[in-house]
Protein chains: 2
Amino acid sequence: GAGADNDLYINQAIVFIEDAIQYRSINHRVDSKSLWLYRWYYSRTCQWILSLTITVILALAFIEEPSSLTITSDVRYRLPAWNPPCGLTESVELLCFLVFMADVSVKSYLIGWKEFWKNKWLMAYILTLIVSFADWIVSLSFFCKESVRIRRILRPFFLLQNSSMMKKTLKSINSTLPEMASVLLLLAVHLSLFTMFAMLLFARTKDNQQDKEWVVYFRNLPDSLTSLLVLLTTANNPDVMIPAYSKNRAYSIFFILFTVLGNLFLMNLLTAIIYNQFRGYLLKSVQSSLFRRRLGIRAAFEVLSSLKETPASAQQSCVGVGALLQVLQKAEMDSRCKQAIMRSLKMCSCDQLSAAQFQKLFEELDKDAIKQHPPSPEYQSHFMQKVQFAFGHPYFGYLGNVVALANIISICVVLVMDADKQPSERDDFFLGAINCFFILYYLLEMLLKILAMGLKRYLSYPSNRFDGLLTVILLILEIATFAVYGFPHPGWRPEFMGLLSLWDMVRLVNMLIVFRFLRIIPNMKFMALVVTTLLDLVKNLRAFAGILVVVFYAFAITGIMLFKGAVVPLGNTRKKNVISWCSVQAGLIYCLLYVLSVHLICRWAKIYFVAWWLISSVIWVNLFIALLLENFIHKWDRRCQRESLSDIEYQRTVELMFRDVLEEPTEEELMEKLHQHPHLHLCR
Amino acid sequence: GAGADNDLYINQAIVFIEDAIQYRSINHRVDSKSLWLYRWYYSRTCQWILSLTITVILALAFIEEPSSLTITSDVRYRLPAWNPPCGLTESVELLCFLVFMADVSVKSYLIGWKEFWKNKWLMAYILTLIVSFADWIVSLSFFCKESVRIRRILRPFFLLQNSSMMKKTLKSINSTLPEMASVLLLLAVHLSLFTMFAMLLFARTKDNQQDKEWVVYFRNLPDSLTSLLVLLTTANNPDVMIPAYSKNRAYSIFFILFTVLGNLFLMNLLTAIIYNQFRGYLLKSVQSSLFRRRLGIRAAFEVLSSLKETPASAQQSCVGVGALLQVLQKAEMDSRCKQAIMRSLKMCSCDQLSAAQFQKLFEELDKDAIKQHPPSPEYQSHFMQKVQFAFGHPYFGYLGNVVALANIISICVVLVMDADKQPSERDDFFLGAINCFFILYYLLEMLLKILAMGLKRYLSYPSNRFDGLLTVILLILEIATFAVYGFPHPGWRPEFMGLLSLWDMVRLVNMLIVFRFLRIIPNMKFMALVVTTLLDLVKNLRAFAGILVVVFYAFAITGIMLFKGAVVPLGNTRKKNVISWCSVQAGLIYCLLYVLSVHLICRWAKIYFVAWWLISSVIWVNLFIALLLENFIHKWDRRCQRESLSDIEYQRTVELMFRDVLEEPTEEELMEKLHQHPHLHLCR
């Protein structure tokens, strides 16, 4: 009936508007039941369960058998790690697999059979699940004694497929690969030609005394290649040339040529290529998000305009205000936006909305929230007004900064004086006393500021929140110290009591004071710019960080599998340390160079580490530089405009940064895309 | 009289056109005698003498007393360096000073008294000369026994002031300094806060066993600072954290945070800032060169139009063709350009040239020479034509590449097989025999190519010249080997004869063969692009390289002066090696990190090396990356256009790269600038 149809249209509009808000694609089924399923699937609970499942399955590596998650990494001291009984982690895994199966079936159903066959990610998802499940069965049938577990390496795929940002980024990286491969090929040619040169130049002579040191670096082809590869990473820079240089200075020309060509030219060329490819990356991604948003809103308009209540006489299609209000009430969106849209809907007195008006209403979504601080309290007393003026003034804040600096300097002085003292000679009185004084000042500052600004206004500034929180923690720590050890007096160094020794307490307080000193950052213009750039970058980098996690996870698991038998705990403990540390701890790029330069481990390890170096250090760092350049240059260009608006604090997003460069999609583009929708069949 | 006036105008026009060709400023005296002096000063001989003088005075450091220019750098083996008698280097210096004095007086005279006071470079030049001369007198009066020689540090200034490109670049770098200083300040804050954290975190505990390793890195404030500074350069990356990590894995968070913030964010921010500043640098510099050229030509036009022979009736000022021809004949310029201009002058049948026509004539100067290869010889015989087709075909070149590759592989195989053999076991027969075969093939290839293409056409390709030269050298070496050691036969390893042993000869031949293999580069498209980018970059980098030489020279001299007494030859020989190598050998950036990480030398040395690291590694490398990005991105954008024209080889210059982006200066700008000329007073 018409009523059921109308309900369907309203529901479709709600879902399309939610899609627009979340920048989601609208290419999904649009019948009533599917819409209910769709909203349920994208509800917070469901997505939260999915994220939790992914976290759990990734975290399993930390407690599974060859893990080394103990406090110390030193094999000499550490206790054997806890080994979960067979079946425990496996049953957790099974639960995760079930969730993923539900996820993949819902996803496949929602996009429809036709689309499913085009979607390679979904196919890969199903394949991964099948392989993992088969591996799981093998694992159980061997009672967890099997040596190779393929499903572990596949785990990061679940993280990858769940984020559309990461998939997009991966596509972008993929398109850069051919050019990167060319430079890597060039690098390989460079390396091999120089290796041959080196072997010819530094051949063994009859005088064993003279070439004794050469045996270390250029004894045979693999050694020479390794030496020069490590030189390319500058890890063994002067060492490798010192023997030759002390024999004849002219030999240094070889090394200088190699370093300049390889390090300065070819490596930076890689940066240039990656930057060149990623120059438009952010803009393009923001542009496509904008298109999705406009498309969702337009789709909502189209379905609402086919509601039966609309007068058929109208030439142009339009939407009734009542229907829109109904949709808005049911749609899940930011309450500020919702209110703003409702307000402007009431202000426009018309009854029907055209497509342009409809689109314009939802532009509120793109706007940034202007954050207004609550007003200061208004005091009646003249004295209180003066107090308010004095302690609400920026100069009072500067005084606080000066005091914090004085505190830092005093800590520094004490540290320098105490540096060479034995722990038993140390007297904590001085440090305790000055800290006590400074913490009292911080407390006073906080209270006076709250008095002057009112609690609400005080808390509305992030810098005050940071400040206040640290002050409260410091106060609690100080009170706890006094409660346990009494007030400071000369020779204040009692024995260990309670949870922490007095010395540890004082150290902790001092660390917090150093940390609190960071409050000066917003007061320095350039620093503030840099810090906001960095924070923005962190937001934009989430997708990259996700991919990095995926890569590191895969590498760590491969490393654990490769080197499980190779490294004997009682043998070379230092080597073991380095490797386990390299493979589990992410983000430390150069450790492999260390490994390569210090130990000449087996051939497989070499290949593994070179691959890791290429991916983590060379490619990822360059990607990072490219993004940083992109972000920073945009920010910098806009700095002048921003300064005029510095009173108002914007909640900046990537979308807003590019606001004035973005192109609005045209009506034709939107309609063409809408008519291509696989499930929505518009009447016209 | 009118004739003398006319002569003066003609001379002025000649000089202005020469200024335009060389992109020189036209703000110099324009009376007859000054013009003669000006042309004499900018003649090749004079400029060559000046360059030679600068080279000589800079090269003096290599033979002056504390120099260490010996073959080996190892103090244990090396002979004492030759000490020139007192007065020898000093008299050479005096000669150089005289040349510089002449240079500065001519320059000052030519730009005129008024301009002189505005020119800070000239003032600094005179000041430097005075200080150097005073120091020279002090030196002589102490019989060369004085300890500090200020004039040595001042020497690179002579190089700096002689290049306008370098002065411009320096100005550019100077304008980036405030922002760089901000980031460096941020880096300093980062470093000091983390140092305090580290000292609090890794304080000495009562258990000496536990913190034994900490004493190495965080014993006191200077040690902690040094450790973290070195960590910032990633030179001691895993070492510094291994002890803490093996105590408690959580400590690694401190190091990861420090590295990510410092290395990944702040260091790359520096890159971003420098790139941002230098983005327009090349374009701006090319634009100002273009302005100078147009201005010079316009000035020539203006002076020629005031020649008496011009009919006064003409409304617009114009120039007679005869006068222009006279100027062209006397002006020094590229003969190709001169002929082209003459040709187009004859083709346009008019008698008078307007300003626009005049300007247009000289556009020939901006055009790139289209290089045409001489034609192949035409053979009558049918057989010879077939031979010509076969060996002139690109496939024959590819065959040559394949053979070269085969040669490389064979050398590689022999090297791998011989790697572990004692020199006495080695048999040079196999390598000698295959090299003999391959060199014969190379000779044959060269001769056949010359037969097919003709000698002139063959030599007109740079790749053929490279190829042919190496083939001839290889042939000569091979013949010399046979002459001395006879033809190869099994067991071909006679004792040492002549200049080089047989083994050295074979090695040299092999190295040349490896080098010859580079001929494959132009055959691979991407490689060719990269190589041309790099070559262009080298051209554009001359100014930067010059500044780098200046900085290194100053650092080297300062280093020699600082560490002359500090380093005892018989004491720590390794340290001595590193330092002398660091200070004299330029271009190896990371050696100081090595010095910092391995030895804890005195405080002054530390400051010196940190300054060097900042300037050479951080700032200069970032400048280099900025320029590379700029160049590469321009190149890359233009690649598609270029490919269509790939048949014609352009002689590319920076100016041409930016051709379509450059703005032509307007007539008003030119005339305004001309009327500001301090010495030329135009009638109108």
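Residues numbered from 1 in each chain as written. Chains lettered and ligands numbered in written order. Predicted model: local features only at pLDDT ≥ 70, side-chain atom pairs only at ≥ 80, totals over all residues. Heavy atoms only, no water.

The name an unreviewed UniProt entry gives chain A is Two pore channel protein 2, with Rhodinocichla rosea as the organism. According to UniProt, the comment filed for chain A under the heading Sequence similarities (unreviewed entry) is "Belongs to the calcium channel alpha-1 subunit (TC 1.A.1.11) family. Two pore calcium channel subfamily." (UniProt positions renumbered as here; feature names shortened; annotations may be inferred.)

> I would appreciate a short explanation of the overall build of chain A in the present structure.
When you go through chain A residue by residue, the secondary structure sums to 30 helices and four strands. A total of 684 residues make up chain A; the buried ones form 51% of that total. For chain A, long-range pairs separated by at least 24 residues make up 74% of all intrachain contacts whose partners lie at least 6 apart in sequence. Counting every atom, chain A has about 33,500 Å² of accessible surface; 65% of that belongs to carbon and sulfur. (Helix = DSSP H or I, 4+ residues; strand = E, 2+ residues; numbered from the N terminus. Buried < 20%, exposed > 50% of the residue type's maximum accessible area, 1.4 Å probe, protein only. Contact = heavy atoms within 4.5 Å. Areas by Shrake-Rupley, 256 points an atom, 1.4 Å probe, with all protein chains shown as cover.)

> I would appreciate a short explanation of the packing of helix 23 (residues 502–516) of chain A against helix 9 (residues 164–201) of chain B in the present structure.
If you want to describe how two helices pack, look at the angle between their axes and the distance between the axes. Relative to each other, helix 23 of chain A and helix 9 of chain B sit at 170°, their axes nearing to 10 Å. The orientation of helix 23 of chain A with respect to helix 9 of chain B, classified from their angle, is roughly antiparallel. Packed against helix 23 of chain A, whose contacting residues are Arg507, Asn510, Met511, Val514 and Phe515 of chain A, the element helix 9 of chain B presents Leu193, Met196, Phe197, Leu200 and Leu201 of chain B at the interface. Residue classes in the contact of helix 23 of chain A with helix 9 of chain B are distributed as eight nonpolar, one polar and one charged. (Axes fitted to C-alpha atoms, helices over the stretch in contact; angles between N-to-C directions. Parallel < 35°, antiparallel > 145°, perpendicular 65-115°, else oblique. Nonpolar A, V, L, I, M, F, W, Y, C, P; charged D, E, K, R; others polar.)

> How should the state of the cysteines be read in this particular structure?
One way to say it: the disulfide is the covalent bond shared by the sulfur atoms of two cysteines. Residue and element names in this part refer to chain B. A complete count under the given rule lists zero disulfides over all chains for this structure. The thiol of Cys46 is unpaired, and the distance to the nearest cysteine sulfur, on Cys96, comes to 15 Å. A residue is classified by how much of its surface remains accessible, and Cys46, at 15% relative accessible area, is buried. In this structure Cys96 comes out as buried when scored by relative accessible area, which is 4%. (Disulfide = S-S within 2.5 Å.)

> Would you explain the packing of aromatic side chains in this entry?
Each aromatic ring pair is summarised here by two numbers: the centre-to-centre distance and the angle between the ring planes. All names here are of chain A. On inspection of all chains with the given rule, the structure shows 47 aromatic pairs over all chains. Taken together, Phe100, Trp121, Tyr125, Phe157 and Phe158 form an aromatic cluster joined through their ring pairs. For Arg24, the ring lying beneath its charged end belongs to Tyr42, and the centroid distance is 4.1 Å. (Phe/Tyr/Trp six-rings, centres within 6.5 Å; stacked < 30°, edge-to-face > 60°. Lys NZ or Arg CZ within 6 Å of the ring centre and 35° of its normal.)

> Which parts of the structure should I look at to understand the side chain of Ser34 of chain A?
Structurally, Ser34 of chain A is set in helix 2 (residues 32–41). Those residues in contact with Ser34 of chain A that sit more than four places away from it in its chain are Arg29, Tyr109 and Leu110 of chain A.

> Looking at this structure, I do not really get the pattern of salt bridges. What am I missing?
Opposite charge on two side chains permits them to pair, given that their charged atoms come into close proximity. This model, assessed by the stated rule, comprises 30 salt bridges over all chains. Three or more residues are tied together by salt bridges with common partners; here these are Glu90, Glu93, Asp135, Arg151 and Arg155 of chain A. (Salt bridge = Lys/Arg side-chain N within 4 Å of Asp/Glu carboxyl O.)

> Looking at this structure, how should I read helix 15 (residues 321–330) of chain B?
Where helix 15 of chain B is concerned, the buried positions are Val321, Ala323, Leu324, Val327 and Leu328 of chain B. The buried residues of helix 15 of chain B occupy an angular sector of 160° when the element is viewed end-on, so they sit on one face. (Arc of directions from axis to C-beta.)

> How do you make sense of a nonpolar patch on the surface when you look at a structure like this?
Residue and element names in this part refer to chain A. The grouping of Leu405, Ile409, Val413, Met417 and Phe430 at the surface amounts to a nonpolar patch, some 460 Å² of accessible area in total. In this structure, Ile409 sits in helix 19 (residues 394–418). With a relative accessible area of 47%, Ile409 lands in the partly exposed category. (Patch = residues over 30% accessible without salt bridge, like charges linked within 9 Å, V, L, I, M, F, W, Y side chains within 5 Å.)

> Even after reading the chapter, I still don't get a negative patch on the surface, so can you show me in this structure?
On the surface, a cluster of negative charge is made up of Glu663, Glu668, Glu669 and Glu672 of chain A. Assignment of secondary structure puts Glu672 of chain A in helix 30 (residues 667–675). (Lys, Arg positive; Asp, Glu negative; His and termini not counted. Charge placed at Lys NZ, Arg CZ, Asp CG, Glu CD.)

> Teacher, can you tell me more about unusual backbone geometry here?
A negative phi holds for most residues other than glycine; trans holds for most peptide bonds. Residue and element names in this part refer to chain A. The phi torsion at Tyr23 lies on the positive side, around 55°, for a residue other than glycine. By secondary structure assignment, the location of Tyr23 is in the loop between helix 1 (2–21) and helix 2. We classify Tyr23 as partly exposed; its relative accessible area is 24%.

> Please clarify how the packing of helix 14 (residues 281–305) of chain A against helix 30 of chain A should be interpreted in this entry.
All names here are of chain A. Put simply, helix 14 and helix 30 touch, their axes get as near as 10 Å, and they point 70° apart. One finds that helix 14 runs roughly perpendicular with respect to helix 30. Residues Phe291, Arg294, Leu295, Arg298, Ala299 and Glu302 of helix 14 pack against Glu667, Glu669, Leu670, Met671, Lys673 and Leu674 of helix 30. Each residue belonging to the contact of helix 14 with helix 30 can be placed in one class, and the counts come to six nonpolar, no polar and six charged.

> Just to check I follow, could you spell out helix 24 (residues 525–540) of chain B for this structure?
Each full turn of the α-helix corresponds to 3.6 residues, which orients residues three or four apart in the same direction. Here helix 24 of chain B contains 16 residues, and its C-alpha end-to-end distance of 23 Å stays within 8% of the 22 Å for a straight helix at 1.5 Å per residue. By the burial criterion, the buried members of helix 24 of chain B are Phe526, Met527, Leu529, Val530, Thr533, Leu534, Asp536, Leu537 and Asn540 of chain B. (Expected span 1.5 Å × (residues − 1).)

> Teacher, can you tell me more about the side chain of Thr471 of chain B here?
Residues and elements named next belong to chain B. For Thr471, the position within the fold is in helix 22 (residues 462–485). Residue class for Thr471 comes out buried when judged on its relative accessible area of 2%. The contact partners of Thr471, leaving out residues within four places of it in the chain, are Tyr442, Leu443, Met446 and Arg516.

> What's the story with the environment of Tyr395 of chain A in this structure? I'm lost.
For Tyr395 of chain A, the position within the fold is in helix 19. Sequence separation between Tyr395 of chain A and Val530 of chain A is 135 residues, and the spatial gap between their C-alpha atoms is 24 Å.

> For this particular structure, what's the right way to read the confidence of the model for chain A?
Detailed reading of the predicted coordinates is not advisable wherever pLDDT is low. Residues and elements named next belong to chain A. Looking at chain A as a whole, the pLDDT averages 78, with 81% of positions reaching at least 70. Contacts of residues 643–652 to residues separated by more than four positions or lying in other chains number 19 contacts, the stretch itself having pLDDT below 50. We note a pTM of 0.76 for the whole complex and an ipTM of 0.77 for its interfaces. (pLDDT = per-residue confidence, 0-100.)

> Before we go on, may I ask you to explain the environment of Leu98 of chain B in this structure?
Position of Leu98 of chain B relative to the elements: it lies in helix 4 (residues 88–111). When the C-alpha atoms of Leu98 of chain B and Ile10 of chain B are compared, they prove to be 33 Å apart, with 88 residues separating the residues in sequence.

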